[in-house]
Amino acid sequence: MSTTLRADRTWSPREITGAEAEGRGLAEHLTELAAEGLTDLLTEHKALVFRGFGVTPESVEPVLDRLLPNRLPYVHGNSPRTRVKGNLYTSTEYPQRFTISMHNELNYARRWPARLAFYCEVAAESGGATPVVDGALWLESLDAEVREAFAGGIRYVQNLHDGYGLGKSWQDTFETDDRAEVERFLEASEAEWEWGPDGIRVVQHRRSTTTHPVTGAEVWFNQADQWHPAGLGDETAKELYDILPPEEFPQYVTFADGSLIPDGYVTQIRDRGLELAVDVDWRVGDVLLIDNVLTGHGRRPFEGSRRILVAMSD
C-alpha cells in the first residue's frame, strides 16, 4: 500500500493480513470478526484491506456474504459496468488511461449504499490503484469560499437516451425496460423527470455534504466534479461543448438554484480529493471494504489487464 499525502495527513486504511487469521480462510475469519464487532472496526478505520488470504473467484462469494449481508443492485448507477452475477459487478469500465476522481458511490441518489467491497481478481501490470480518501479531511481541505458556495446544495441533471446516444441508456441505468417501474423509482427518490422522444430527463436536488449516522462526522458528499464538464479535462469538455449545450449533456450539475458552478471550484474539489487520497495498490486476492459515507474512492490509470469486482450493501 503506497501513500502520497501532505505532511499533516496521516489517515490510511487498516490492513488485516492472512497471518493474523492463524490459518483461517477469510470467510471464517470474517465470521469471527463479525462477532467481535466488524461494523465498529470499519467505522473506526473507515476502510479495511484484507490481504494474503488467497481469495479466489470461486471463494469470494462467502466472503462477500459476510461483508455485505444485503447486497444491492446498481440501479441508477451512472458509470459503465457489467453484472457478473447476482449483485456483483465489474468496477467502472472507463478507459484505462483515465483517472477516476474521488467520489462516494451513488451519493447523487436518494438512497446510497452504506458499504462497498472490492475484490482483485486480476491486478494491472502497472498502475490501477484504488485511491481512498477521508471525506471529512476532503471537506476541511476546501477553501471556505467553495464550502459556502455549495452550502445551498446542488442540482443534478441526467439525459438518458433510449438506446442510441452518449452515455448510458435509461434501460441500463435503471436495469429495466419498464417505464412505470422507472417512474416509481424516481418518485420514491424525490426526483423530477420528463419523458421525451429519445429518452428521459431526470433532475435531482441534493445536499453537498452529509453526516455519518454513527460518528456524526460531516463529510464532502457529492459528485459535482464528476458531473461538471470542467472535471472531465479540457479536451473532453471541449468535444462535448462542440456538439451539445450543457443542459443536454448525458449528465450535468449546477448549484441548487440553477446557477453555474465555476470551473475553478470544480478543479479544486477534484484535485484536493486526489491529493489527499491514499492508494490501495492491488495484489491478486485482495479485498477492500469501505464505509461509503466516511470514505470516497476512485481509480488510477493503468496498463495491462485489470479486473476488480465490486458489490455494495445498505
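Note that the structure is predicted; figures quoted are calculated from it, not measured. (Residues numbered from 1 in each chain as written. Predicted model: local features only at pLDDT ≥ 70, side-chain atom pairs only at ≥ 80, totals over all residues. Heavy atoms only, no water.)

## What about the overall build of the protein?
Rules: Strands are runs of DSSP state E lasting at least two residues, helices are runs of H or I lasting at least four, and both sets are numbered from the N terminus onward. We compute the radius of gyration from the C-alpha atoms alone; for a globule the expected value is 2.2 Å times N to the 0.38, where N is the number of residues. For every residue, the accessible area obtained with a 1.4 Å probe (protein chains only) is divided by the maximum for its type, and the residue is called buried under 20%, exposed over 50%, and partly exposed between those limits. Contacts: residue pairs with any heavy atoms within 4.5 Å of one another. Under the convention used here, Asp and Glu are negative, Lys and Arg are positive, and both His and the chain ends fall outside the count. A single reference atom marks each charge: NZ on Lys, CZ on Arg, CG on Asp, CD on Glu.
Secondary structure assignment for the protein yields ten helices and 20 strands. Against the globule reference of 20 Å for 314 residues, the protein gives a C-alpha radius of gyration of 19 Å, in line with a compact fold. Judged by the C-alpha coordinates and their principal axes, the protein covers about 60 × 45 × 40 Å. Each of the 314 residues in the protein was classed as buried or not, and the buried ones make up 53%. Sequence-distant contacts, at least 24 apart, represent 79% of the contacts inside the protein between residues at least 6 apart. Of the side chains in the protein, 31 bear a positive and 51 a negative charge, and the two mean positions are spaced by 2 Å.

## Observations concerning helix α3 (residues 60-67)
Rules: Here the arc refers to the directions that run from the helix axis out to each C-beta atom.
By the burial criterion, the buried members of α3 are V60, E61, V63, L64 and L67. Buried residues along α3 cover an arc of 160° about the axis, so they all sit on one side.

## Some thoughts on the sheet that holds strand β20 (residues 307-313)
As a reminder of what qualifies: Should DSSP find at least two bridges between two strands, the strands are taken to pair. Only the contacting stretch of a helix is used when fitting its axis, a line to C-alpha atoms as for every element, and angles between N-to-C directions run 0 to 180 degrees.
Strand order in the open sheet formed by seven strands is β2-β3-β17-β7-β20-β5-β4, and the pairing between neighbours is mixed. The open sheet is flanked by β2 (14-17) and β4 (83-85), the only strands paired with a single partner. Looking at each pair of strands side by side, their axes are set apart by 25° on average, direction ignored. The strands touched by helix α2 (residues 38-45) are β2, β3 (47-51), β7 (115-122) and β17 (287-291); relative to β3, the strand with the most contacts, the crossing angle is about 115°. Here α3 sits on the sheet and contacts β3, β4, β5 (88-90), β7 and β17; the angle it forms with β7, its principal contact strand, is near 165°.

## Observations regarding the environment of L274
Position of L274 relative to the elements: it lies in helix α10 (residues 263-276). Judged by its relative accessible area of 17%, L274 is buried. A sequence separation of 25 residues divides L274 from R299, and the C-alpha atoms of the two residues are 9.8 Å apart. If we skip the residues at most four places from it in the chain, L274 touches T99, I100, S101, M102 and R300.

## Some details on empty space enclosed by the protein
Put simply, the rule is: Of the two site types, the cavity is a set of points on a 1 Å grid over the protein atoms alone where a 1.4 Å probe fits but cannot get out, and the pocket is an open set with protein on both sides within 12 Å along at least five of seven lines, each lined by residues with an atom within 4 Å of a point. Grid points are joined across faces, edges and corners, and a volume is the space filled by probe spheres set on the points. Each residue gets one label: Ala, Val, Leu, Ile, Met, Phe, Trp, Tyr, Cys and Pro are nonpolar, Asp, Glu, Lys and Arg are charged, and the others, such as Gly, are polar.
As enumerated under the stated definition, the model contains one cavity of 30 Å³ or more in all. Taken as a whole, the largest cavity encloses approximately 120 Å³ of empty space. Looking at the largest cavity, it is lined by 13 residues, and the ones nearest its centre are S91, T92, F118, H297 and G298. Of all elements in the fold, only β6 (100-103) and β18 (295-299) reach the threshold of two or more residues within the lining of the largest cavity. Counting residues per element, the lining of the largest cavity draws most heavily on β18, which supplies three residues. By residue class, the composition of the lining of the largest cavity is three nonpolar, six polar and four charged.

## A short note on the packing of helix α1 (residues 26-36) against α3
Think of two packed helices as two axes; the pair is described by the angle between the axes and how far apart they sit. Keep this limit in mind: By the definition adopted for this analysis, an angle is roughly parallel if under 35 degrees, roughly antiparallel if over 145, roughly perpendicular if from 65 to 115, and oblique otherwise. Less than a right angle of anticlockwise turn of the near helix away from the far helix marks a crossing as left-handed, whereas a clockwise turn marks it as right-handed.
Relative orientation of the contacting elements α1 and α3 amounts to 15°, with a least axis distance of 8 Å. Between α1 and α3, the interaxial angle falls into the category roughly parallel. As α1 packs across α3, the resulting crossing turns out to be left-handed. From α1, L26, A27, L30 and T31 reach across to α3, where they touch P62, V63, R66 and L67.

## Quick look at the layout of surface pockets
As a volume, the second largest pocket reaches approximately 400 Å³. Residue lining of the second largest pocket: 18 residues in total, with N159, L160, H161, D198 and G199 positioned closest to the centre. Elements with a contribution of two residues or more to the lining of the second largest pocket: β10 (154-161), β11 (192-196) and β12 (199-206). Residues belonging to the lining of the second largest pocket are distributed by class as follows: nine nonpolar, five polar and four charged.

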